[in-house]
There are 2 protein chains.
Amino acid sequence: MKRDMVLGVLEGSPEFLSAQDIHAALRASGQKVGLATVYRVVQALQESGAIDALRNENGELTYRSCESTGHHHHLVCRACGRTVEVQGPAVERWADSVAAEHGFAEVSHTVEVFGICGDHRS
Amino acid sequence: MKRDMVLGVLEGSPEFLSAQDIHAALRASGQKVGLATVYRVVQALQESGAIDALRNENGELTYRSCESTGHHHHLVCRACGRTVEVQGPAVERWADSVAAEHGFAEVSHTVEVFGICGDHRS
DNA sequence: CTATATGCAAAAAGTTTGCATCTCC
DNA sequence: GGAGATGCAAACTTTTTGCATATAG
C-alpha cells in the first residue's frame, strides 16, 4: 500500500504539498511510484478526512496532514504582489457565527485581502 | 476592443464569473468572441487593477468588477450549492485594520464561507 | 502602413480514467 | 484464483501561446 508512503511524506512536512511534490519526494527517496497512484491515494485520504486539501495560487491541489498547524490568510499587494500572512481570530469567529445563524455546519472559509503596500503608495 | 464587452458582462453581475462564463455570456448575447481573447482581456484587466481575480473551488479563475455594487459575502452550501448573501461589518473592520497594521492602503477583500446547510446535514 | 487586437488551433499544465498487470490473501 | 492496488498512457479540463488575419489609428 502506497498510502503509508504518501502519509509519511505529508507528515514529514509542515507545508502544503502538491500531488506532484509528493510524487517527486517519493521518487527522490527511491520509491517507484506512479503519479496516478499518488493522485488516487491523496483523494482517498482526503475523503477519509486524514488530510486537508486546498488549492494554491497556481491552481494546484495541495495537501497537508490534518492536525491544522497554522490557519492564516493572505494580504496581497496589488502593485508588487508582495504577500503577508496574517492571522484573524476575528474573521474565524465571524465566519462561524454567521454560518451558524443560517443553520450551516462544518464551516470553512477563504479570505483574501488586497491593498497597496507601503512601498507602492503613489 | 473586446475589453468593454468583457467589462460589461462583469459589471452586470455581482457574482464572480469564470473566463468561460464570460465567454458563454458574450456568445449568448450574440457577440462573436474567441475564448482566447476573453482570457487575454481578463488578464489585462486584472493587471490594470480594474477587476479582482480569485480561484474557485474547482480551480477555475473567476473575476469580478472592482466597483461591486453592494458589498456582501457568500455563504455556500457544499452539499446543495445553496447560497446565502451575508453582511459582515466585523470582517470589513478586521480587513481594514489588519491591512493598516502592515501599511497597506486601498484595501479590498474577498470572503467566501462554505458549510453544510440545515437541509443537508447528515 | 504599422501596430495592436482577435480568432483559431495546437500546446501546456494539472488531474483523472481505462485497462492490463501485479500483489497479497 | 480473486479483490483491490498499481503503473502506464491516453483522455480531459482549464489556460496559454503561435501564427496568420483583421482592425484601428
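Counting restarts for each chain, with residues numbered from 1 along the sequence as it is written. Ligands are numbered from 1 and chains lettered from A, in the order in which they are written. In view of the model being predicted, local features appear only for residues whose pLDDT reaches at least 70, and side-chain atom pairs are presented and counted only at 80 or more, with totals across whole chains, interfaces and linings using the full set of residues. With hydrogens and water stripped out, all remaining heavy atoms of the structure feed into the side-chain values.

**As for the overall build of chain A**
Stage number 1. Looking only at helices and strands, chain A features 4 helices and 6 strands.
Stage number 2. Starting at the N terminus and walking to the C terminus, you meet the elements of chain A as α-β-α-α-β-β-β-β-α-β.
Stage number 3. C-alpha atoms define the radius of gyration, and 2.2 Å times the number of residues to the power 0.38 defines the globule rule. The C-alpha radius of gyration of chain A comes to 18 Å, more than 25% above the 14 Å expected for a compact globule of 122 residues.
Stage number 4. Its C-alpha atoms give chain A principal-axis dimensions of about 50 × 40 × 20 Å.
Stage number 5. Between buried and exposed lies partly exposed: a residue is buried under 20% and exposed over 50% of the maximum accessible area for its type, with that area taken using a 1.4 Å probe on protein chains only. Across the 122 residues of chain A, 38% fall into the buried class.
Stage number 6. Should any heavy atoms of two residues lie within 4.5 Å, those residues are counted as being in contact. The long-range fraction of contacts in chain A, counting pairs at least 24 apart against all pairs at least 6 apart in sequence, stands at 43%.
Stage number 7. By element, 48% of the accessible surface of chain A is carried by carbon and sulfur atoms, the whole surface being about 6900 Å².
Stage number 8. Residues scored as positive are Lys and Arg, those scored as negative are Asp and Glu, and His as well as the terminal groups of each chain are ignored. A charge is said to be at NZ when it belongs to Lys, at CZ for Arg, at CG for Asp and at CD for Glu. Averaging the coordinates of the 11 positive side-chain charges in chain A and doing the same for the 16 negative ones gives two points 7 Å apart. The way it works is that DSSP assigns letters per residue, a run of H or I at least four long becomes a helix, a run of E at least two long becomes a strand, and they are numbered from the N terminus. Under the convention used here, a 1.4 Å probe and the Shrake-Rupley method define accessible areas, while residue burial counts only the protein chains that appear.

**So, the interface of chain B and chain A**
Stage number 1. Opposite the 41 residues of chain B that make contact, chain A presents 39 residues.
Stage number 2. Note on terms: buried area is the combined drop in 1.4 Å-probe accessible area of two parts once they are placed together, counting the loss on both. Three residues stand out in chain B for area buried against chain A, namely B:Arg55, B:Trp94 and B:Phe104, and they jointly supply 22% of the buried area on that side.
Stage number 3. Salt bridges are counted wherever a side-chain nitrogen of Lys or Arg sits within 4 Å of a carboxyl oxygen of Asp or Glu. Taken together, the links from chain B to chain A amount to 0 salt bridges.
Stage number 4. Whenever a nitrogen or oxygen atom comes within 3.5 Å of another N or O atom, the pair is scored as a polar contact, on the condition that within protein one atom can donate a hydrogen and the other can accept it, and that pairs from neighbouring residues in sequence are kept only if both atoms are in side chains. Counting every contact that joins chain B to chain A gives 7 residue pairs in polar contact (both at pLDDT 80 or more).

**Description of the protein's contact with DNA strand C**
Stage number 1. If you check the shell around DNA strand C, you find 17 residues, and the closest are A:Tyr39, A:Gln43, A:Leu61, B:Lys2 and B:Lys32.
Stage number 2. Here A:Gln43 contributes a side-chain N or O atom positioned 2.5 Å from a phosphate oxygen of DNA strand C.
Stage number 3. In this structure, B:Gly34 approaches DNA strand C through a main-chain N or O atom, which is 2.8 Å from a phosphate oxygen.
Stage number 4. Only α3 (35–47) of chain A together with α3 (35–47) of chain B provide two or more residues apiece to the surface near DNA strand C.
Stage number 5. Element by element, the count of residues in the surface near DNA strand C is highest for α3(A), at 5 residues. Nearness of a residue to a molecule or strand requires only that one of the residue's heavy atoms be within 4 Å of it.

**Quick look at the sheet that holds strand β2 (residues 51–55) of chain A**
Residues and elements named next belong to chain A.
Stage number 1. When DSSP finds at least two bridges between two strands, those strands are taken to pair. Read across the open sheet, the 3 strands follow the order β1-β3-β2; overall the sheet is antiparallel. Looking at which strands have only one partner, the edges of the open sheet turn out to be β1 (17–18) and β2.
Stage number 2. In the sheet, β2 pairs with strand β3 (residues 61–65) via 5 bridges, with the strands oriented antiparallel. Directly across from Leu54, in β3, lies its bridge partner Thr62.
Stage number 3. What counts as an axis is a line fitted to C-alpha atoms, over the stretch in contact for a helix, and the angles between N-to-C directions run from 0 to 180 degrees. Strands in contact with helix α1 (residues 3–11) are β1, β2 and β3; relative to β3, the strand with the most contacts, it is inclined by about 85 degrees.
Stage number 4. With respect to the sheet, α3 is in contact with β2 and β3, its orientation differing from that of β2 by roughly 115 degrees.

**Here we look at the environment of A:Thr83**
All names here are of chain A.
Stage number 1. Looking at the secondary structure, you find Thr83 in strand β5 (residues 83–86).
Stage number 2. Residue Thr83 is classed as partly exposed on the basis of its relative accessible area, which comes to 42%.
Stage number 3. Sequence separation between Thr83 and Cys117 is 34 residues; the distance between their C-alpha atoms is 9.4 Å.
Stage number 4. Discounting residues that sit within four places of it in the chain, Thr83 has contacts with His74, Leu75 and Val76.

**Regarding the relation of the copies chain B and chain A**
Stage number 1. Each copy is superposed on the other by least squares, with the fit set by C-alpha atoms of residues at a pLDDT of at least 70 in both. Aligned on chain A, chain B shows an RMSD of 2.9 Å; the corresponding rotation is 176 degrees and the shift along the axis is 1.8 Å. The two molecules are tied by a two-fold rotation axis, judged by turn and shift. Taking the C-alpha atom as reference, chain B places B:Gly59 closest to the rotation axis, 2.0 Å from it.
Stage number 2. Taken as a fraction of all interface residues of chain B, those also at the interface in chain A reach 95%, which identifies the copy contact as same-surface.

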